[in-house]
Amino acid sequence: MTAPLDRTPAHLLETDRKAGFEVVAGAGRFSQMNDIFTRAFRDDRVRTKDTDAFFASYRMEAAPRRGDGFTQKDFALRNAAWLISDIVSERSAAEGLREGFQAPIQADTPVAPERAELGSPEAEAAEIKAVAKLFGADLVGITHLDLRWHYAERPDVRTMDPVANDLPEGLTHVIVMGHAMDAGLVETYPSALAGAATGREYSHETAIVMQVAAYIRNLGYQAVASMNDTALVIPYAIKAGLGEYGRNQMVLTPEFGPRVRFSKIFTDLPLAVDGPRKLGMTAYCEGCDICARACPVRALPFGAPDFGEEVTKGSPSTWRGVRKWSSDAEACFGYWAKLKTDCAICMRVCPFARPVRGLSARLWRGLAMGRFGLSGRRLARIWERRRGVARRAKPAEWWADHRR
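Since the structure is predicted, the reported quantities are computational estimates derived from the model, not experimental observations. (Residues numbered from 1 in each chain as written. Predicted model: local features only at pLDDT ≥ 70, side-chain atom pairs only at ≥ 80, totals over all residues. Heavy atoms only, no water.)

A. Layout of empty space enclosed by the protein. All told, the structure shown has one cavity of 30 Å³ or more when counted by the stated rule. By volume, the largest cavity amounts to about 80 Å³. Lining the largest cavity we find Gly246, Arg247, Asn248, Leu252, Tyr284, Cys285, Cys288, Ile290, Cys291, Cys350, Pro351 and Phe352. Its residues placed into classes, the lining of the largest cavity shows nine nonpolar, two polar and one charged. (1 Å grid on protein atoms, 1.4 Å probe; cavity = no way out; pocket = protein on both sides within 12 Å on 5 of 7 lines; lining within 4 Å. Points joined across faces, edges and corners; volume = space filled by probe spheres on them. Nonpolar A, V, L, I, M, F, W, Y, C, P; charged D, E, K, R; others polar.)

B. Layout of the packing of aromatic side chains. Applying the stated criterion across every chain yields a total of 22 aromatic pairs. With a centroid separation of 4.8 Å and 25 degrees between ring planes, the pair formed by Trp82 and Tyr202 is classed as stacked. Separated by 120 residues along the polypeptide, Trp82 in the loop between α4 (72-81) and α5 (83-90) and Tyr202 in helix α8 (residues 195-218) bring together distant segments of the chain. The burial state of Trp82 is the same as that of Tyr202; both residues are buried. Between the aromatic rings of Tyr284 and Phe352, the centroid separation amounts to 5.5 Å while the plane-to-plane angle is 80 degrees, which identifies the pairing as edge-to-face. (Phe/Tyr/Trp six-rings, centres within 6.5 Å; stacked < 30°, edge-to-face > 60°. Helix = DSSP H or I, 4+ residues; strand = E, 2+ residues; numbered from the N terminus. Buried < 20%, exposed > 50% of the residue type's maximum accessible area, 1.4 Å probe, protein only.)

C. Spotlight on the environment of Val46. Topologically, Val46 is positioned in the loop between α2 (36-42) and α3 (49-56). A relative accessible area of 8% places Val46 in the buried class. The spatial distance from the C-alpha of Val46 to the C-alpha of Asp108 is 35 Å, given a sequence separation of 62 residues. Sequence-distant contacts of Val46, defined by excluding residues within four places in its chain, comprise Ile36, Arg39, Ala40, Thr51, Glu330 and Phe333. (Contact = heavy atoms within 4.5 Å.)

D. Main features of helix α14 (residues 359-368). Taken as a whole, α14 has its buried residues at Trp364, Arg365, Gly366, Leu367 and Ala368. Among the structural elements, α10 (281-285) and α15 (373-387) are those in contact with the buried residues of α14. Positive phi appears at Gly370, one or two residues downstream of α14, with a value of about 85 degrees.

Okay, structure coming up:
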């Protein structure tokens, strides 16, 4: 966290309480230099031939192999899915910016010199959500700007040296958008084919976040488009009421479970804010360890949320500013590097990742989220144990289904 609690505005402390956040007083902001992906470019404790090959595989060095889900077609689809995101993220590399990942997305349109006439903050919030959904966002929430979640510094990608992580003055709100991942592709994790679900949403959200930000600038207000850069999106998504935190380190949404990618816009547009919601999903996670048991490198914790003490081994990639479940980032990314693609088994096996189709799925979701009390949640866990861990779909079957 950035500042001692006695300097944090009361309205932010109130939303901490509603979100269930337990924040360390006076803890510093997390540096993006310690993000596991940034460390893979600059830290010999993380960077290996495997990690270099992992990043290279997203271009034309995929090194396909015979295994189902890792053929040339699978890598080709994954890399094509990433294309639009890649074009934007690489366009300012000569200036040291990796837009959307290690720097905010640069504005392509200026702020209009005159401000449009606006309605009430509530009316404007409703309109901005409608605009975001028009451009393709699946979920939209709004919260207050909170610098505690912002990176203390970011890397200059030319040298991988730390530089200031600054935003314009006067920003007040954050619009958080959720982008649902394809359920059929997610069911094939871990595979290069499944990586197309990730890349597709990064490409989608790149366009969406830039378009919504351009709309706001045309109204005469500041808007900084952002994806994985600038600030931690998980606390912002939770504060904006889009979901709750899960043992698998992901935001669990009632609509899509963890099958969501998030983007955000920092703005001074006056908007009514949403608040954190108690959905019962974190409470279910407290008695569920399916994701931890399924992780092939045991990177996920089994115990209660803590300050990064169970599995992280003192890693600099673990931020200890808030009590939460934390992963062994080195073990997790090391496995990704060996696969040459993202893993996300923990996403696939999460019971909340299943599409809510049919009466039994809706009944299980209601039980798991506590709509029928503690006894209902216990029944949901028993039901889930008997159902067993979600089977990995065969990538070859995905291709066969989509040829029809």
